[in-house]
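Structural features, examined
In case you want the letters, here they are:
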Amino acid sequence: MNIYVLLKKTFDTEEKITVTNGQIEEDGAEFIINPYDEYAVEEAIKQRDEHGGEVTVVTVGDGDSEKQLRTALAMGADKAVLINTEDDLEEGDQFTTAKILEAYFDEKDVDLILAGNVAIDEASGQVGPRLAERLGIPFVTTITSLKIDGETVNIDKDVEGDVEKVETSLPLLVTCQQGLNDPRYPSLPGIMKAKKKPLEELEIDDLDLDEDELETKTKTIDIYLPPEKEAGRVLEGELDDQVKELVSLLKTEAKVL
Amino acid sequence: MSEKLLVIGESRDGSLRNVTFEAIATAKKINADGEIIGLICGNENLQEQAQEMVYHGADRVITVKHDNLKTYTSEGYGQAVMAVISEESPTGVIMGHTAVGKDLTPKIASKLETGLISDATDIEMKDGKAIFTRPIYSGKAFEKKMITSGITFATIRPNNISALERDESRSGDITSKDMDISDIRTVIKEVIRKASEGVDLSEAKVIVAGGRGVKSEDGFKPLQELADVLGGAVGASRGACDAEYCDYSLQIGQTGKVVTPDLYIAVGISGAIQHLAGMSNSKVIVAINKDAEANIFNIADYGIVGDLFEVVPLLIEEIKKIK
């Protein structure tokens, strides 16, 4: 099976966000594989181990994304592809990313594409479904179970906490939700092996794309931090009285009861 | 400017979700003089739902009834929505940022080769252009974003943009459209209800969330009771989910749901940065925790330092008195 994973590097979840001149400050920040994409990598490896084939991890991003691709290779992916847009694109959005991926997948023999259901930075959740639509293959988002039997695929899909049992077929794109699996940590032998695994670097020119096809459809005008929240009041006194005071404050001061 | 905006309605168990009305209000903000067209897909109660959309501000509503639209699938709904978009050529499309909205709208945007601004929490008009506010980095920051070419296309986060008052004196045309919905490659075999019996977390005005401090699955019972008294929903921190006290579907935080209720009561939650990312934009935050040093007190509006198993029952009794 030809299994592909769409992977994005994101800020570490522990990172505090700072904004300089309307931009998120990236200097000195720690980056990780987007947590939802880790489920996708893990599932891809499991499916390959069960059904055979190979796992290719694909990123559209900058040169620094190599680190996260190597981590995915150390987890057990077979190949990695970095589509480096650093020199060619000043800005991108979900439209451009999907367009680049469409060009990459054009004429590739694809059985299964896995992606995270959302990236924890921009949180659009659009790239997976957009790509599936461009490739003309079905997609199922927020999956928590994936069973492949020949061409038939049975999926559990999380729908705001409910579970939908979905039947569909390959080729297919899925986006992965928490609960699908427990992503493994790269092992030391895995890390050593990863250094020798192929990591192909492509640029826009290597794909059948004109730069004017990649003009963004959206524009970010401003980025800012929410107002700093001041610590509120910790109530004091007997517990009974504290509870009475709390209910009274919620009713009269905060007006939420 | 004469605009024509399409609002894709969403129903659950045969009645419209509130976010549909919030989407109509958003469309009205984009162009108060424009025509708001509602769209309802499904196979039951379409007329009633269409009427509700009119009462909440839609000028006319198109219904598409088909057995293949009984349960949402991206392919089924995609066909219906694309057919309506082709016929009506709207200047904008607005929908709720729900499981269905998140699944359907990128597909449509991709087909139309347009931009899509997802998960908007606010909207303002500047020089005739809609500018959307949306949280990024799980609410640790915000961005203002606009569409630069093509239709104005956005999904809005439930519970952030106020719906218009329901007005039964409003009237509008309701037309049903026949179409063939076929070639569906993804089939829903069964739906197992786990979460929707209570109040939906993403639309809840009040959330009572538990952390590791609840100590067990049973420890969530008083929280559920408090949520019931307040007409709210129960949520959880990742710690509580990892400890298997509750289902991951309840998780609030950076890798869970991001919520913005009017009132968020954090019970036995220490306040890890990943959890705060999912709830810190709630309008009013109450923290109940034994540990006076817990990080959650740094962002709470009101805090009680104490044992949750003593505090929560007292709180339930006190709230019952005023309800």
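Residues numbered from 1 in each chain as written. Chains lettered and ligands numbered in written order. Predicted model: local features only at pLDDT ≥ 70, side-chain atom pairs only at ≥ 80, totals over all residues. Heavy atoms only, no water.

Our next topic: the overall build of chain B. In terms of regular secondary structure, chain B is built from 8 helices and 18 strands. For chain B, whose C-alpha radius of gyration is 21 Å, the value lies close to the compact-globule estimate of 20 Å for 323 residues. Principal-axis analysis of the C-alpha atoms gives chain B an extent of 60 × 45 × 40 Å. Within chain B, buried positions represent 60% of all 323 residues. Distance between charge centres in chain B, computed from 36 positive and 47 negative side chains, equals 3 Å. (Helix = DSSP H or I, 4+ residues; strand = E, 2+ residues; numbered from the N terminus. Rg over C-alpha atoms; globule rule 2.2 N^0.38 Å. Buried < 20%, exposed > 50% of the residue type's maximum accessible area, 1.4 Å probe, protein only. Lys, Arg positive; Asp, Glu negative; His and termini not counted. Charge placed at Lys NZ, Arg CZ, Asp CG, Glu CD.)

Within the sequence span of helix 2 (residues 66–75) of chain A, burial applies to Gln-68, Leu-69, Ala-72, Leu-73, Ala-74 and Met-75 of chain A. Two residues or fewer past helix 2 of chain A, Gly-76 of chain A is found with a positive phi of approximately 140°.

Right, let's talk about the side chain of Glu-10 of chain B for a bit. You can see Glu-10 of chain B is positioned in the loop between strand 1 (4–8) and strand 2 (11–12). The contact partners of Glu-10 of chain B, leaving out residues within four places of it in the chain, are Ser-15, Leu-16, Arg-17, Thr-20, Met-95, Thr-98 and Val-100 of chain B. (Contact = heavy atoms within 4.5 Å.)

Residue and element names in this part refer to chain B. Domain annotation for chain B reports domain 1 (4–177) and domain 2 (201–322). Each of domain 1 and domain 2 was reduced to a C-alpha centroid, and the two centroids are 31 Å apart. A per-residue breakdown of the area domain 1 buries against domain 2 is headed by Ser-138, Lys-140 and Asn-159, which together make up 53% of the total. Where domain 1 packs against domain 2, one counts 1 salt bridge. For Glu-203, the salt bridge identified is with Arg-17, shortest N-O distance 2.8 Å. Counting across the domain 1 and domain 2 interface gives 7 residue pairs in polar contact (both at pLDDT 80 or more). (Domains from an automatic or database assignment. Buried area = accessible area lost by both parts, 1.4 Å probe. Salt bridge = Lys/Arg side-chain N within 4 Å of Asp/Glu carboxyl O. Polar contact = N/O pair within 3.5 Å; in protein donor to acceptor, adjacent residues only side chain to side chain.)

Contact residues are listed per partner, giving 74 residues for chain A and 87 residues for chain B. Summed over both sides, the interface between chain A and chain B buries roughly 7,100 Å², with carbon and sulfur atoms accounting for 56% of that surface. Across the contact surface, chain A and chain B share 9 salt bridges. Between Glu-160 of chain A and Arg-17 of chain B there is a salt bridge, and its shortest N-O distance comes to 3.0 Å. Linking chain A with chain B are 45 residue pairs in polar contact (both at pLDDT 80 or more).

Each pair of packed helices gets described by two things: the angle between the helix axes and the distance between those axes. All names here are of chain A. Put simply, helix 3 (residues 94–105) and helix 4 (residues 127–135) touch, their axes get as near as 9 Å, and they point 45° apart. Looking at the two axes, helix 3 sits oblique to helix 4. Viewed along their axes, helix 3 and helix 4 form a crossing whose handedness is right-handed. Facing Gln-94, Phe-95, Thr-97, Ala-98, Lys-99, Leu-101, Glu-102 and Phe-105 of helix 3, the residues of helix 4 in contact are Val-127, Arg-130, Leu-131, Arg-134 and Leu-135. When its residues are assigned to classes, the contact of helix 3 with helix 4 shows 7 nonpolar, 2 polar and 4 charged. (Axes fitted to C-alpha atoms, helices over the stretch in contact; angles between N-to-C directions. Parallel < 35°, antiparallel > 145°, perpendicular 65-115°, else oblique. Left-handed = near helix turned anticlockwise from the far one by under 90°. Nonpolar A, V, L, I, M, F, W, Y, C, P; charged D, E, K, R; others polar.)

Turning our eyes to something else, we now look at the UniProt feature "domain: Electron transfer flavoprotein alpha/beta-subunit N-terminal" (unreviewed entry) in chain A. Within this structure's numbering, the places UniProt gives as "domain: Electron transfer flavoprotein alpha/beta-subunit N-terminal" (unreviewed entry) are residues 21–211 of chain A. The span residues 21–211 of chain A carries 29% helix and 31% strand; its end-to-end C-alpha distance comes to 27 Å. (UniProt positions renumbered as here; feature names shortened; annotations may be inferred.)

Here we take up the nonpolar core. Within the largest apolar cluster, 39 residues are counted, with the highest numbers of intra-cluster contacts made by Leu-112, Leu-114 and Ile-155 of chain A. The biggest single contributor to this core is helix 1 (residues 35–51) of chain A, with 6 residues. When residues no more than four places from it in sequence are discounted, the contact partners of Leu-114 of chain A are Ile-3, Tyr-4, Val-5, Leu-6, Ala-40, Glu-43, Ala-44, Leu-146, Val-174 and Cys-176 of chain A. Of all hydrophobic cores here, the second largest spans 37 residues; its members include Phe-220, Leu-223, Val-284 and Ile-304 of chain B. (Core = buried A, V, L, I, M, F, W, Y, C linked by side-chain atoms within 4.5 Å.)

Moving on: the sheet that holds strand 7 (residues 79–84) of chain A. The strand order across the open sheet built from 10 strands is 13(A)-7(A)-6(A)-1(A)-8(A)-12(A)-9(A)-10(A)-11(A)-13(B), with neighbouring strands paired in mixed fashion. In this open sheet, the two edge strands, each paired with only one partner strand, are strand 13 (199–202) of chain A together with strand 13 (187–192) of chain B. Recorded for the sheet is a direction-independent mean angle of 25° between the axes of neighbouring strands. Where helix 1 of chain A meets the sheet, its contacts fall on strand 1 (2–6), strand 6 (54–61), strand 8 (112–116), strand 9 (139–149) and strand 12 (172–176) of chain A, and the angle it forms with strand 8 of chain A comes to roughly 155°. (Pairing = 2+ DSSP bridges.)

Bringing the packing of aromatic side chains into the picture now. Applying the stated rule across the entire model yields 8 aromatic pairs over all chains. Taken together, a centroid distance of 5.9 Å and an interplanar angle of 20° make the contact between Tyr-224 of chain A and Phe-142 of chain B stacked. Note that Tyr-224 of chain A is positioned in strand 14 (residues 218–224) and Phe-142 of chain B in strand 10 (residues 141–147), a pairing that runs across two chains. Exposure remark for Tyr-224 of chain A: the relative accessible area of 26% places this residue in the partly exposed category. Residue class for Phe-142 of chain B comes out buried when judged on its relative accessible area of 11%. Seen in terms of ring centroids, Tyr-72 of chain B and Tyr-77 of chain B are 5.0 Å apart; in terms of plane orientation they differ by 70°. Their pairing is edge-to-face. (Phe/Tyr/Trp six-rings, centres within 6.5 Å; stacked < 30°, edge-to-face > 60°.)

Time to look at the domain arrangement of chain A. Each domain of chain A was delimited in the assignment, giving domain 1 (2–214) and domain 2 (227–257). In this structure, domain 1 of chain A and domain 2 of chain A have C-alpha centres spaced 45 Å apart.

Okay, the environment of Leu-276 of chain B next. All names here are of chain B. Take Leu-276: it is sitting in helix 7 (residues 273–279). Sequence spacing of Leu-276 and Arg-193 is 83 residues, and the spatial spacing of their C-alpha atoms is 28 Å. Once residues lying within four places of it in the same chain are set aside, the contact partners of Leu-276 are Gly-271, Asn-295, Ile-296 and Ile-299.

Adjacent strands of a sheet pair through backbone hydrogen bonds, lying either parallel or antiparallel. On the basis of which strands lie adjacent, the open sheet formed by 4 strands has the order 14(A)-10(B)-9(B)-8(B) and antiparallel pairing. In this open sheet, the two strands that pair with only one neighbour each are strand 14 of chain A together with strand 8 (122–126) of chain B. Looking at each pair of strands side by side, their axes are set apart by 30° on average, direction ignored. Summarising the sheet, strand 9 (residues 129–136) of chain B and strand 10 of chain B pair through 5 bridges and their orientation is antiparallel. By the bridge assignment for strand 10 of chain B, Arg-134 of chain B is matched with Glu-143 of chain B. Taken strand by strand, helix 1 (residues 18–30) of chain B contacts strand 8 and strand 9 of chain B, and its axis lies near 15° from that of strand 8 of chain B.

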